[in-house]
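Residue-level structure breakdown
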Amino acid sequence: MMRISTVTMFQQSLTSMNRQQSEFLKVGQQIASGRRVVTPADDPQASSRAVRVSQSQAVTQQNTDSRVSARNTLAQSESVLNSATDVVIRAKTLLVQAASDTLSDSDRKAVASELRGLHETLLGQANATDGNGTYLFAGYQDEGPPFIRASSDAGMVGVEYRGDDQVREQRVDASRIMPVTDNGKMLFQSVASGSTYVARAEKTAPNPSDIDLGTQVGYVRNEGSVTFSGPTRVDASHANFGDDFRVEFNRSRVDASALLNDGVVDVSQGELTGFTPSVLTDSSDIVNALEATSEIVSVVDQSAANDGSELVVTFAEGVADDFDFTLESATNNHTAAFTNAIQVSAVKVQEVDASSLLRDGNVSLSAGALTGFTSAAFNESGELIEALEATDEIVRVVDKSPDKGGSELVVTFAEGLSNDFSFTLESADNGYTASFSNDDTELLGPQDYESGETLTFGGVSIAVEGEPAVGDQIQVRPADDALANQDLFKTLKDAIDVLEIDQAGLESNHAHVHNTIDTMMRELDNGLDNILTRRASVGARLNELDVVDTASSTRALNFDRTMSELVDLDYGEAVTEYSLRQVGLQAAQRAFVDIQGMSLFDFMR
């Protein structure tokens, strides 16, 4: 038989009582806190899982707060765009009113005054801020207003965009980063994709920085009284649909080279006072013979070879527009027909890919002539453009490529250059080349101009009426083209500028105002379509937030249920356990009292 000492019995009884008391207190803490897992030691596995669920709950709540912020920003943007829509609609209504020929100059100036107010309203909306003072439409350059007034060479002060091209984004869910604002360039200086063609009655300026009231930089107003309506799409499947076009009104270029050294040349049709039949041996003979007549002021041979293949004749003032004559040589009966009628043509604007010349060593002239061109290595398209514009033959070069990498250079050549003028540049390292030519692809004409006719070319048509001056042009471009105006502020500025012009009974002024208003209404339509498209995008994002909120609420509910299953207390089970631990503690305490009272001295007395 094993002997157990009194001390051992005392310690075991005390340990049992302490354990029962600890378990009793633990159950009491669980009931008081409502949690089954009070410390990690209570259930290490459940505690570990609870930490992960708690982290997921925190992320979900953070995303919920982020969606509140995103919804507020989007709602403010939608409100501003709604107001901007009203401004554009009102501006278009005013332009429809201003287009009426019954209005006087003072009436049009009154319309211009209201348009100024709309211009200021739109500027304020474009510079709107959120509740924290952050500019809504500045991208990430939101420390200052995105749109500021800038100097202008003509008319009222223009507006420039100083924000960036970025879109502010915000995480609204675990796997969704949502754009919460659009930058001002996208909203007020862009058009929606798929927009139609737009035309401007303006001609290339002799200086790339020139500008007139109602024109773009690098262009000046026409001098004649021709007006247009359109352009209208007629064939979107045409091979040239989507290209830039230019309608030109010029004197005819006559090829009289076949008359040279072909016997006596005389007038075979029409009349030409003072012309002397003779054998013509070179271009100068033709020029001298024609300039000696009463009906002709000057003749210029614009052919590169000076062979009489591109004669441009200026007739004397007072000569009828339909005046014409024909010269014929005696030997082979070659003919050359001349007319005083202005001819109209439509050409496709050429684009040259010179991107391969950049960063490919020294670039030099390998074919043709280009006065003033300096060979050099070009790293950026701007450097190449500067070198080309420094020459005598080139007025202006524009890089239309989105990345400004020199892949879409549009070159405007000096007036008077031959159509066959061309040159080629070549890089030294890999021998890449880029060829430039003044010979734009003619899609229509040249043909005698007739007022009221409809010109069809490149899948579009445009109706013209009135009397153009020599050199007048109409630029026809896709609305989203880099050279087309997409700036709503520029549109309103041009409308205001031309409405403040005193027409003074001049047909040219009337035509300029008419054409500009027609163009501005189409540009306003494109700008309105763009704003409505952006508003629809904002609305779609607000709807998406509602969907994400619903999914997030379901996810949060699942997290709460999982957390409850892991750490929350089953009160029925806990109460039973509490009673059981209470009985156990009481039994341990009673046993301890009994053991404490046991002693041999009690039996020795």
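Notes on the structure in this doc start here.

Each value, and the rule that gives it
Residues numbered from 1 in each chain as written. Predicted model: local features only at pLDDT ≥ 70, side-chain atom pairs only at ≥ 80, totals over all residues. Heavy atoms only, no water. Helix = DSSP H or I, 4+ residues; strand = E, 2+ residues; numbered from the N terminus. Buried < 20%, exposed > 50% of the residue type's maximum accessible area, 1.4 Å probe, protein only. Contact = heavy atoms within 4.5 Å. Areas by Shrake-Rupley, 256 points an atom, 1.4 Å probe, with all protein chains shown as cover. Pairing = 2+ DSSP bridges. Axes fitted to C-alpha atoms, helices over the stretch in contact; angles between N-to-C directions. Patch = residues over 30% accessible without salt bridge, like charges linked within 9 Å, V, L, I, M, F, W, Y side chains within 5 Å. Salt bridge = Lys/Arg side-chain N within 4 Å of Asp/Glu carboxyl O. Lys, Arg positive; Asp, Glu negative; His and termini not counted. Charge placed at Lys NZ, Arg CZ, Asp CG, Glu CD. Polar contact = N/O pair within 3.5 Å; in protein donor to acceptor, adjacent residues only side chain to side chain. Arc of directions from axis to C-beta. Expected span 1.5 Å × (residues − 1). Core = buried A, V, L, I, M, F, W, Y, C linked by side-chain atoms within 4.5 Å.

**Here's the deal with the overall build of the protein chain**
A count of helices and strands for the protein chain gives 10 helices and 27 strands. Counting the 605 residues in the protein chain, one finds 45% classified as buried. For the protein chain, the share of sequence-separated contacts (at least 6 apart) that also reach a separation of at least 24 residues comes to 67%. In the structure as shown, the protein chain presents an accessible area of about 29,400 Å², 48% of it carried by carbon and sulfur atoms.

**What to know about the sheet that holds strand β23 (residues 433–437)**
Spatially, 4 strands are ordered β19-β18-β22-β23 in an open sheet, and the strand pairing comes out antiparallel. Single-partner strands in this sheet number two, and they are β19 (376–377) and β23.

**Let's talk about the pairing of strand β20 (residues 394–399)**
With respect to burial, β20 is a largely interior element, 5 of its 6 residues being buried. Taken together, the 5 bridges between β20 and strand β21 (residues 409–413) define a ladder with antiparallel strand orientation. Its bridge partner being in β21, Asp399 is matched across the sheet by Leu409.

**Some words on the sheet that holds strand β8 (residues 227–233)**
Reading across the sheet, the 3 strands line up as β8-β26-β25 and stay open at both edges, with antiparallel pairing between neighbours. Looking along the sheet, the strands with just one partner apiece sit at the ends: β8 and β25 (454–457). The average undirected angle you get between the axes of adjacent strands in this sheet is 20°.

**Looking at a negative patch on the surface**
Taken together, the side chains of Asp321, Asp322, Asp324, Asp448, Glu450 and Glu467 make up a negatively charged region of the molecular surface. With respect to the helices and strands, Glu450 occurs in the loop between β24 (441–448) and β25.

**Focus: the environment of Ser451**
Considering the arrangement of structural elements, one finds Ser451 in the loop between β24 and β25. Separated by 12 residues in the primary sequence, Ser451 and Ala463 place their C-alpha atoms 9.0 Å from one another. With near-sequence residues (within four places) excluded, Ser451 lies in contact with Val464, Glu465 and Gly466. Here the side chain of Ser451 touches Gly466 through a polar contact of 2.9 Å, landing on its backbone nitrogen.

**Description of the side chain of Gln473**
The residue Gln473 is located in strand β27 (residues 473–478) in this model. A polar contact of 3.2 Å, which involves the side chain of Gln473, links it to the backbone nitrogen of Thr204. Within the structure, Gln473 has its side chain in polar contact with the side chain of Gln475 (distance 2.8 Å). In this structure Gln473 touches Arg200, Ala201, Glu202, Lys203, Thr204, Asn222, Arg246, Val247, Glu248 and Phe249, once residues within four positions along its chain are discounted.

**Considerations on the pattern of salt bridges**
Evaluated as defined, the whole model comprises 23 salt bridges. Residue Arg90 pairs with Glu114 through a salt bridge whose shortest N-O separation is 2.9 Å. Remark: Glu114 occurs in helix α3 (residues 105–126) and Arg90 occurs in helix α2 (residues 44–98); sequence separation between them is 24 residues. A relative accessible area of 33% means that Arg90 is categorised as partly exposed. With a closest N to O distance of 3.2 Å, Lys203 and Glu223 form a salt bridge.

**Quick word on helix α5 (residues 283–291)**
For α5, the full list of buried residues reads Ser283, Ile286, Val287, Ala289 and Leu290. Angularly, the buried residues of α5 cover 170° about the axis, an arc narrow enough to put them on a single face. Taken together, the buried residues of α5 touch β13 (296–301), β14 (311–315), β15 (324–329) and β16 (335–339).

**A closer look at α3**
Here α3 contains 22 residues, and its C-alpha end-to-end distance of 31 Å stays within 8% of the 32 Å for a straight helix at 1.5 Å per residue. Listed as buried for α3 are Arg108, Val111, Ala112, Leu115, Leu118, His119, Leu122, Leu123, Gln125 and Ala126. Down the axis of α3, the sector holding all buried residues measures 145°, keeping them to one side.

**Comments concerning the nonpolar core**
General note: in soluble globular proteins, nonpolar side chains tend to be found buried as a group. Counting 49 residues, the largest nonpolar core has Leu95, Leu115, Leu122, Phe147, Phe188, Phe489 and Leu499 as the members making the most contacts within it. If one sorts the elements of this core by residue count, α2 sits on top with 11 residues. Excluding residues within four positions of it along the chain, Phe188 makes contact with Ala84, Leu122, Ala126, Phe137, Phe147, Gln486, Asp487, Leu488 and Phe489.

**Digging into the side chain of Gln302**
Position of Gln302 relative to the elements: it lies in the loop between β13 and β14. One polar contact links Gln302 to Arg253, side chain to side chain, over a distance of 2.9 Å. Residues in contact with Gln302, not counting those within four places in the same chain, are Arg253, Glu310, Val312, Gly416, Leu417 and Ser418.

**Quick look at the environment of Glu248**
Mapped onto the elements, Glu248 comes out in strand β9 (residues 245–250). Placed 223 residues apart in sequence, Glu248 and Gly471 show a C-alpha to C-alpha distance of 6.8 Å. Here Glu248 is in contact with Gln343, Val344, Ser345, Val347, Asp472 and Gln473, once residues within four sequence places are set aside. Side chain to side chain, Glu248 and Arg246 meet in a polar contact 2.7 Å long.

**A closer look at unusual backbone geometry**
Following Gly230, the chain continues to Pro231 via a peptide bond in cis, the omega torsion being 0°. Within the element layout of this structure, Pro231 appears in strand β8. The amide bond that connects Gly445 to the next residue, Pro446, takes the cis arrangement and shows omega of 5°. Along the chain, the position of Pro446 falls in strand β24. Positioned with a positive phi, Asn261 is a non-glycine residue whose angle comes to about 55°. Considering the arrangement of structural elements, one finds Asn261 in the loop between β10 (253–254) and β11 (264–269). The backbone phi angle of Asn333 is positive, close to 60°, even though this residue is not glycine. Looking at the secondary structure, you find Asn333 in the loop between β15 and β16.

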